[in-house]
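# Report on the structure
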Amino acid sequence: MNTILLLFTTAASLASISTLCLAETPSVPTFSDKPIWVSGSSRSGGDGNAQLLDVDQDGDLDLITSVPNPRRWAVYRNEDGKLASKPHWESLETSDCDHISVLDFNRDGQDDIAGTHESHCSLYINGTGRGKALFNVRPTWETDTYIDANQIDFGDVDNDGDYDMLMAAGLPHLGLALFVNETGYPSRTVSRRIGPRQYSESAIFADIDSDGDQDIVGTYPKTGTIIVFANSGDGNFDEGTLVYTDQTVRHVQRVYCIDIDSNGSKELFCAKGPWGPPGRSVALGRQEGLNTMKVVWTSGAKTGYHGFDFRDVDSDGDLDLAAADWSGRRVSIYLQDMGTLSNSPVWSAATTAPAHEAVFGDIDGDGDLDLAVGGVDQAMLFENTSSQ
């Protein structure tokens, strides 16, 4: 009897452990092979945009992108878990729609949008439109000087409670431009130059040293360098520290600062390409006692990524990565496991043109993350089919 009881108990314990292991093993996410929704144009009106926002505060995610003929921004509303076939709001004609950013600029609880153009930058504040329009068709604010704008970012550099704007710029500025907010909106002209007078492709505010203020990270494709400018705490920056150089794949289209493995130290993720030879994107980690950073993650050697997004797509408690591949005309997902991000994608699908950016969001409200992609031709949506 004791032997039988022991065997029964052991079998039950093993079954319990097996069930626990299965329950704790995250499932690999699956997505539709082809987009389930497209904005439907052969040209996007820019480089390709797709960002998600709750434009009408109804609890679901809408999509903003750019459309052509003429070039303008357009919002597609979410209607019962599906994106509408036609825009709910469109801006007036504007110049090249390079990027669109979503932020609550005036901190009123509503999503505003910031446009980056290859001529100027603009802000559309939610609630300024007439009738059912949530945005005015004209920008609420825009720069009034011509600048070839690349990446822009917003942060409170001087700790006065409002958003200032940072720009990585080409001609005629060449370098990092700071637009300080002193009147409720950023200055319409450059308040201050940061760093070397050299074409800069991407720049962000980032508290990379975790001291509570906004530092600046800038990238320079001519020299293949990444420089960090430390904030003294009052919005003034030092001359910069060179943290990384890559002479082979010099272009960084977008740079992100994020603690991917939740170890208390932030990494810099560099989406590299597509200009110049396609090549690996990298993540850089800090080195104890050194100013330079080391490569802690790489993508495939022949990728040409332009944009990333970071969310927990497999619901295992850590951040994963979505990547938009301009050169390869694909979108891919890399999973993280126990603090290590995979070097090869767990899922990938072809896009209908070069992919400019990718962003996770639960569009259909079923509890998992779908994937919106902005391409040179159109915006598109891939459905998360993991729970089906």
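Everything discussed here concerns the structure shown above.
It should be emphasised that the depicted structure is a prediction, and the values quoted were computed from it without experimental measurement.

### Topic: the overall build of the protein chain
Counting its secondary structure elements, the protein chain contains one helix and 32 strands. Over its C-alpha atoms the protein chain spans a radius of gyration of 22 Å, differing by no more than 12% from the 21 Å that the globule rule assigns to 388 residues. Principal-axis analysis of the C-alpha atoms gives the protein chain an extent of 90 × 55 × 40 Å. Of the contacts made within the protein chain by residues no fewer than 6 positions apart, 46% connect residues no fewer than 24 positions apart. In the structure as shown, the protein chain presents an accessible area of about 17100 Å², 50% of it carried by carbon and sulfur atoms. Side chains of the protein chain give 27 positive and 59 negative charges; the mean places of these two sets differ by 9 Å.

### Notes on the sheet that holds strand S9 (residues 112–117)
Read across the open sheet, the four strands follow the order S8-S9-S10-S11; overall the sheet is antiparallel. The sheet is open, and its two edges are formed by strand S8 (97–103) and strand S11 (141–142), each paired on a single side. As judged from the six bridges shared by S8 and S9, these two strands associate in the antiparallel manner. Counterpart to His99 in the pairing with S9 is Thr116.

### Details of the side chain of Gln51
Among the secondary structure elements, Gln51 is positioned in strand S2 (residues 51–53). One polar contact links Gln51 to Glu357, side chain to side chain, over a distance of 3.5 Å. Apart from the residues lying within four places of it in its own chain, the contact partners of Gln51 are Asp62, Leu63, Ile64, Ile100, Val102, Glu357 and Val359.

### Some remarks on the layout of surface pockets
By volume, the largest pocket is sized at about 910 Å³. Contributing to the lining of the largest pocket are 31 residues, with Ser101, Val102, Gln151, Asp153 and Tyr256 lying nearest its centre. Those elements that provide at least two residues to the lining of the largest pocket are S8, strand S12 (149–155), strand S16 (202–206), strand S20 (252–258), strand S24 (305–311) and strand S30 (355–361). The class makeup of the residues in the lining of the largest pocket is 17 nonpolar, 10 polar and four charged.

### Brief notes about unusual backbone geometry
Excluding glycine, residues mostly have negative phi values, and the peptide bonds linking residues are mostly trans. The omega angle of the peptide bond from Asn69 to Pro70 is 0 degrees, so this bond is cis rather than trans. Within the fold, Pro70 resides in the loop between strand S3 (62–67) and strand S4 (72–76). The omega torsion across Leu171 and Pro172 is -5 degrees, close enough to zero to call that bond cis. Note on placement: Pro172 falls in the loop between strand S13 (164–169) and strand S14 (175–179). The backbone of Asn69 shows a phi angle near 55 degrees, a positive value even though the residue is not glycine. As for its position among the elements, Asn69 is in the loop between S3 and S4. Taking the relative accessible area as the measure of exposure, Asn69 reaches 73% and is therefore exposed. One non-glycine residue, Ser315, adopts positive backbone phi at about 55 degrees. Relative to the assigned elements, Ser315 resides in the loop between S24 and strand S25 (320–325). On the basis of relative accessibility, which here comes to 64%, the residue Ser315 falls in the exposed class.

### Remarks on the nonpolar core
Residues Phe31, Ile333, Trp347, Phe360, Leu371, Val373 and Phe382 are the most contacted members of the largest nonpolar core, which totals 17 residues. Considering every element that reaches this core, the biggest residue donor is S30, with three residues. When near neighbours in sequence (up to four residues on either side) are disregarded, Trp347 contacts Phe31, Ser32, Val331, Ser332, Ile333, Leu371 and Phe382.

### With respect to the sheet that holds S30
With antiparallel pairing, four strands are arranged side by side in an open sheet as S1-S32-S31-S30. Because the sheet does not close on itself, it has two edges, and the strands there are strand S1 (37–38) and S30.

### A short note on the environment of Arg280
Here Arg280 lies in the loop between strand S21 (267–272) and strand S22 (282–286). Given the relative accessible area of 31%, Arg280 is considered partly exposed. Along the sequence, Arg280 and Thr303 sit 23 residues apart, while their C-alpha atoms lie 5.9 Å from each other. The contacts of Arg280, once residues within four sequence positions are left out, are Tyr244, Lys272, Val295, Thr298, Ser299, Gly300, Ala301 and Thr303.

### A word on the packing of aromatic side chains
Throughout the structure, instances matching the rule amount to 17 aromatic pairs. On the basis of an interplanar angle of 75 degrees and a centroid distance of 6.0 Å, the ring pair of Phe105 and Phe154 is categorised as edge-to-face. With Phe105 in the loop between S8 and S9 and Phe154 in strand S12, this residue pair connects regions lying 49 residues apart in the sequence. Using a relative accessible area of 12% as the deciding quantity, one classes Phe154 as buried.

### Focus on the pairing of S12
Of all seven residues that make up S12, six are buried, and the element is covered over most of its length. Here five bridges tie S12 to S13, and the two strands are oriented antiparallel to one another. Looking at S13, one finds that Asp153 is bridged to Leu166.

Quick notes on the rules
Residues numbered from 1 in each chain as written. Predicted model: local features only at pLDDT ≥ 70, side-chain atom pairs only at ≥ 80, totals over all residues. Heavy atoms only, no water. Helix = DSSP H or I, 4+ residues; strand = E, 2+ residues; numbered from the N terminus. Rg over C-alpha atoms; globule rule 2.2 N^0.38 Å. Contact = heavy atoms within 4.5 Å. Areas by Shrake-Rupley, 256 points an atom, 1.4 Å probe, with all protein chains shown as cover. Lys, Arg positive; Asp, Glu negative; His and termini not counted. Charge placed at Lys NZ, Arg CZ, Asp CG, Glu CD. Pairing = 2+ DSSP bridges. Polar contact = N/O pair within 3.5 Å; in protein donor to acceptor, adjacent residues only side chain to side chain. 1 Å grid on protein atoms, 1.4 Å probe; cavity = no way out; pocket = protein on both sides within 12 Å on 5 of 7 lines; lining within 4 Å. Points joined across faces, edges and corners; volume = space filled by probe spheres on them. Nonpolar A, V, L, I, M, F, W, Y, C, P; charged D, E, K, R; others polar. Buried < 20%, exposed > 50% of the residue type's maximum accessible area, 1.4 Å probe, protein only. Core = buried A, V, L, I, M, F, W, Y, C linked by side-chain atoms within 4.5 Å. Phe/Tyr/Trp six-rings, centres within 6.5 Å; stacked < 30°, edge-to-face > 60°.

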